[in-house]
Amino acid sequence: MILQDLCKTLNKVTMLTSVIVKLQRVGGKLFTKHLFVTNSTIGLIIMGAGDAIQQSIEHRLFEKKPFDKQRIVAMSTSGIVLGALGHFWYGMLDRRFPGTKAASVIKKLLAEMALSPPFALVMFQGVGLLEGRSQRQCFKDYKENILTVLMFDYSFFLPFQTLNFMFLHPRFRVGYVGTLTLIYDIFMSYIIHKEDTMGHRHITAS
């Protein structure tokens, strides 16, 4: 009886080990051979999840506010583009400023800071146009909110990006940033759709 139980346990351990090895192989391919597709997919999932969470918060605050599927599709589509851009951006940074010495890390951080304004513009324009807003309205929203976005961006991302550039392997940069970006995307979803949310609040209150 004890021998049978031991054999069953060994079989389970063997099966689990096999599954882990297969997952490691798949993970290895995703973060090497198929890294571009992986990074683009991460962008899609993170942006979509960020907007879904933000819409859930809005729904709890304003019970009559419906879940906007077009909005989440627009945010997810933008995520694919931004994930792909991130793939090439971090590759370029690591080639241009190799290593983890202080000088290289500082240069990467300065480059990140310089990229933030046009990155935010792409988000406002891309999401807004996909949702049917005019280019003029998208740019107006960008100008009204860019200082708030940059304050959040610099205070939130710079400490974590310092750890990223100092300790993380380059192939995992987009995935790491994508995880952080979930919080950023919730914030950006709120900022981009702030007028819609405030308008719904007034309608609900009346």
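An account of the accompanying structure is given in this report. (Residues numbered from 1 in each chain as written. Predicted model: local features only at pLDDT ≥ 70, side-chain atom pairs only at ≥ 80, totals over all residues. Heavy atoms only, no water.)

## Thoughts on the pattern of salt bridges
Part 1 of the reasoning: In the structure shown here, the tally under the stated rule is five salt bridges.
Part 2 of the reasoning: Among the ionic pairs, Asp 51 bridges to Arg 71, the shortest N-O distance being 2.7 Å. You can see Asp 51 sitting in helix H2 (residues 35–61) and its partner Arg 71 sitting in helix H3 (residues 69–96), a full 20 residues away along the chain. Across the pair, exposure class does not vary: Asp 51 and Arg 71 are buried alike.
Part 3 of the reasoning: Bridged by salt links that share partners, the residues Asp 94, Lys 108 and Arg 173 form one connected network. (Salt bridge = Lys/Arg side-chain N within 4 Å of Asp/Glu carboxyl O. Helix = DSSP H or I, 4+ residues; strand = E, 2+ residues; numbered from the N terminus. Buried < 20%, exposed > 50% of the residue type's maximum accessible area, 1.4 Å probe, protein only.)

## Side note on the layout of surface pockets
Part 1 of the reasoning: The space that makes up the largest pocket amounts to roughly 550 Å³.
Part 2 of the reasoning: Lining the largest pocket are 29 residues, and of these Leu 82, Tyr 90, Phe 119, Val 177 and Thr 181 sit closest to its centre.
Part 3 of the reasoning: Of all the secondary structure elements, the ones that give two or more residues to the lining of the largest pocket are H2, H3, helix H4 (102–130), helix H5 (135–167) and helix H6 (173–192).
Part 4 of the reasoning: Examining the composition of the lining of the largest pocket, we find that seven residues originate from one element, H3, more than from any other.
Part 5 of the reasoning: Across the lining of the largest pocket, the residue classes tally to 17 nonpolar, nine polar and three charged. (1 Å grid on protein atoms, 1.4 Å probe; cavity = no way out; pocket = protein on both sides within 12 Å on 5 of 7 lines; lining within 4 Å. Points joined across faces, edges and corners; volume = space filled by probe spheres on them. Nonpolar A, V, L, I, M, F, W, Y, C, P; charged D, E, K, R; others polar.)

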